[in-house]
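Below, each chain spelled out in residue letters.
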Amino acid sequence: KFVLLTGVSKFSKVSIFSGLNNLKDLTISEKYSAICGYKEEDLDRYFREYLNGVDRELLRLWYNGYSWGGEKVYNPFDILLFFSKRNDFRSYWFETGTPTFLIKLLMNDKFYIPELENVEVDELILSSFDIGQLNPVAVLFQTGYLTIKEIKRGDDGVMYHLSYPNYEVRMALNRVIMRSYLNENAAQDVKRTNNIKKLMREGEIKGVMEEFSRLFSGIPYQWYVNNRLNEYEGFYSSIFYSVFNSLGLECIPEDITNRGRIDLTIKINNYIYIFEFKVIEEIEDSKKPLEQIKERRYFEKYQQENKEIILVGIEFSKEKRNIKEYAFEKVK
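Residues numbered from 1 in each chain as written. Predicted model: local features only at pLDDT ≥ 70, side-chain atom pairs only at ≥ 80, totals over all residues. Heavy atoms only, no water.

**Student:** Looking at this structure, I do not really get unusual backbone geometry. What am I missing?
**Tutor:** Working note: non-glycine residues mostly have negative phi, and peptide bonds are mostly trans. Positive phi, normally seen in glycine, also occurs at Lys-110, with a value near 50°. Mapped onto the fold, Lys-110 is located in the loop between helix H4 (100–108) and strand S1 (119–122). (Helix = DSSP H or I, 4+ residues; strand = E, 2+ residues; numbered from the N terminus.)

Written as C-alpha cells, this is what we have:
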C-alpha cells in the first residue's frame, strides 16, 4: 500500500518500467522538506544533553543549511558523528566518499567553479538525469553538494537559486577540486594551506603569489593534453577560488559594483583583496588587470569597512601555463 524510494538519481518516467510513471516526487516539496534532516527543534528535543558547551552558531555554520523548498535542516550523519566524537568539528559526511566522478564531470565540462556560489536553474534541470548527457548542476544537487537557497516564482515559471549547503561542503569540495586541478597530494595540501593562509592574514601578497606560482609550475604537462584548459581564463580563476575556499576564507566571486564585476574578492582579518585575472596571449592590446581595477575604482565598494585593501592584477600565459606577471597596490 505504501512504498518510499530514496536515492541519488531520479529515475521516474523510465520507459522500460511504465509503472514508475505513477510515482509522486517529494524531492522539492515544502510539506516533506525536513524528512531527511534534523530541524532546530529536533536538536533541542532529542540532543539537549549533548548540546552543553556547544557553539550553536558554529554548529549551524558547519552542518545546517540543506533545503528542499522549506526550512533548513542539519545533516543527520554529521550531527550524530559530531556528538559521538565529543564535539569535534570535521567533515564527517564529506569524508564518507570522494566525489571523483563529479570532479571529472566539472573538469570535462570546463565548469566555472566560482559559479557554484550562486547557480540559477529551473525545475527541469533539477529533475534531469540523462546518463548520456549529465548536467553537472543536476548531479551536484542530487548528490548533496548543492542545495536550494531561494525559490523565485514568476509568470515564466519557477527558478531555483542553488549554492553550497554549509561550511563543511564548501571547504571540503573545493579542497578536492583544488587537488584535482593542481595534481596535489594531501601532504603538499596541508603545507601550502597553512602557508598561504598565514601570508593572507599578514597581507604578504608577494609571498602568496610565490606560492601560487609554485602551484601552477607543478602541474604536469600531460595534464593539459587534449583538454586545452590552459587557454581558459575560468580555469585559472577557478584554481584561485578553490584554493581560497579550501582555506575557509570568505570568497566573493563575480563581486558586483556600480562600475562592473570584480573577478574575486577575499576577506580575511583586516585585509580585503580584490583580484582581476586575464589570459594575455590573445588580448595583448587590452588593459592590464591592475589598471582595470583602478580605472573602474572597484575598491570604493569597501573603503568604508576600515580595512586595508590590496588590489591584485594577474596575467596568465596559455603558452607556458603559468602566472606570467602580476602587480599589486595597497589602498587605505
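**Student:** Looking at this model, I keep getting lost on the sheet that holds S1. Mind explaining?
**Tutor:** Taken in spatial order, the three strands line up as S1-S3-S2 in an open sheet, and their pairing is antiparallel. Both edges of this open sheet fall to S1 and strand S2 (147–154), since each of them pairs with a single strand only. Across the sheet, the axes of successive neighbouring strands diverge by a mean angle of 25°, strand direction being ignored. Of the strand pairs in this sheet, S2 and strand S3 (residues 157–163) are connected by seven bridges, and their pairing is antiparallel. For Thr-147, the partnering residue across the bridge sits in S3 and is Ser-163. (Pairing = 2+ DSSP bridges. Axes fitted to C-alpha atoms, helices over the stretch in contact; angles between N-to-C directions.)

**Student:** When you look at the pairing of strand S8 (residues 322–331) in this model, what are you seeing that I'm missing?
**Tutor:** The side chains of a regular strand alternate between the sheet's two faces. Pairing between strand S7 (residues 308–317) and S8: nine bridges, direction antiparallel. Across the sheet, Glu-315 pairs through a bridge with Glu-325, a residue of S8. Between the end of S7 and the start of S8, which pair antiparallel, lie four residues, with Arg-321 showing a positive phi angle near 55°.

**Student:** Sorry if this is basic, but what is going on with the packing of aromatic side chains here?
**Tutor:** The way to describe two aromatic rings as a pair is by their centre distance and the angle between their planes. In the structure shown here, the tally under the stated rule is 29 aromatic pairs. Ring geometry for Phe-94 versus Tyr-145: centroids 5.8 Å apart, planes at 75°, classification edge-to-face. With Phe-94 in the loop between helix H3 (76–84) and H4 and Tyr-145 in the loop between helix H6 (136–142) and S2, this pair connects stretches of sequence that are 51 residues apart. When its relative accessible area of 8% is taken as the criterion, Tyr-145 is described as buried. An angle of 20° between the planes, with centres 6.3 Å apart, marks the rings of Tyr-273 and Phe-275 as stacked. Of the two residues, Tyr-273 and Phe-275, both sit in the buried class. (Phe/Tyr/Trp six-rings, centres within 6.5 Å; stacked < 30°, edge-to-face > 60°. Buried < 20%, exposed > 50% of the residue type's maximum accessible area, 1.4 Å probe, protein only.)

**Student:** It is not clear to me how the sheet that holds strand S6 (residues 271–279) should be interpreted in this structure. Could you clarify?
**Tutor:** Spatial strand order, S4-S5-S6-S7-S8: five strands in an open sheet with mixed pairing. The open sheet has two edge strands, strand S4 (250–257) and S8, and neither has a second partner. The sheet shows a mean angle of 25° between the axes of neighbouring strands, direction not considered. Across seven bridges, S4 lies against strand S5 (residues 260–268) in antiparallel orientation. Opposite Thr-257, over in S5, you have Gly-260 as the bridge partner.

**Student:** What is the right way to read the side chain of Ser-91 from this model?
**Tutor:** Inspection of the secondary structure assignment puts Ser-91 in the loop between H3 and H4. Among residues more than four places away in sequence, those in contact with Ser-91 are Trp-62, Asp-78, Glu-168, Met-171 and Ala-172. (Contact = heavy atoms within 4.5 Å.)

**Student:** Is there a simple way to explain the packing of helix H2 (residues 56–63) against helix H7 (residues 167–182) in this structure?
**Tutor:** Direction vectors running N to C along H2 and H7 enclose 50°, while the axes themselves pass 4 Å from each other. Here H2 is positioned oblique relative to H7, judged by the angle of their axes. Across from Leu-61, Trp-62 and Tyr-63 in H2, the residues of H7 making contact are Tyr-167, Glu-168 and Met-171. Looking at the contact of H2 with H7, its residues break down into five nonpolar, no polar and one charged. (Parallel < 35°, antiparallel > 145°, perpendicular 65-115°, else oblique. Nonpolar A, V, L, I, M, F, W, Y, C, P; charged D, E, K, R; others polar.)

**Student:** Where do I start with the pairing of S1 in this structure?
**Tutor:** Only one face of S1 is covered, namely the one carrying Val-119 and Val-121; the face carrying Glu-120 and Asp-122 has none of its residues buried. Looking at chain direction, S1 and S3 are connected through four bridges and run antiparallel. Residue Val-119 lies in a different strand from S3, and its bridge partner there is Leu-162.

**Student:** What exactly am I supposed to notice about the nonpolar core here?
**Tutor:** One recurring pattern in soluble globular proteins: nonpolar side chains tend to sit buried together. In terms of nonpolar packing, the biggest core is built from 67 residues, with Leu-162, Phe-212, Phe-240, Phe-244 and Phe-275 touching the most fellow members. Counting residues per element, this core draws most heavily on H7, at eight residues. Each residue touching Phe-240, except ones within four places of it in the same chain, is listed here: Met-209, Phe-212, Phe-216, Leu-264, Phe-275, Phe-277, Ile-314, Phe-316 and Ile-323. (Core = buried A, V, L, I, M, F, W, Y, C linked by side-chain atoms within 4.5 Å.)

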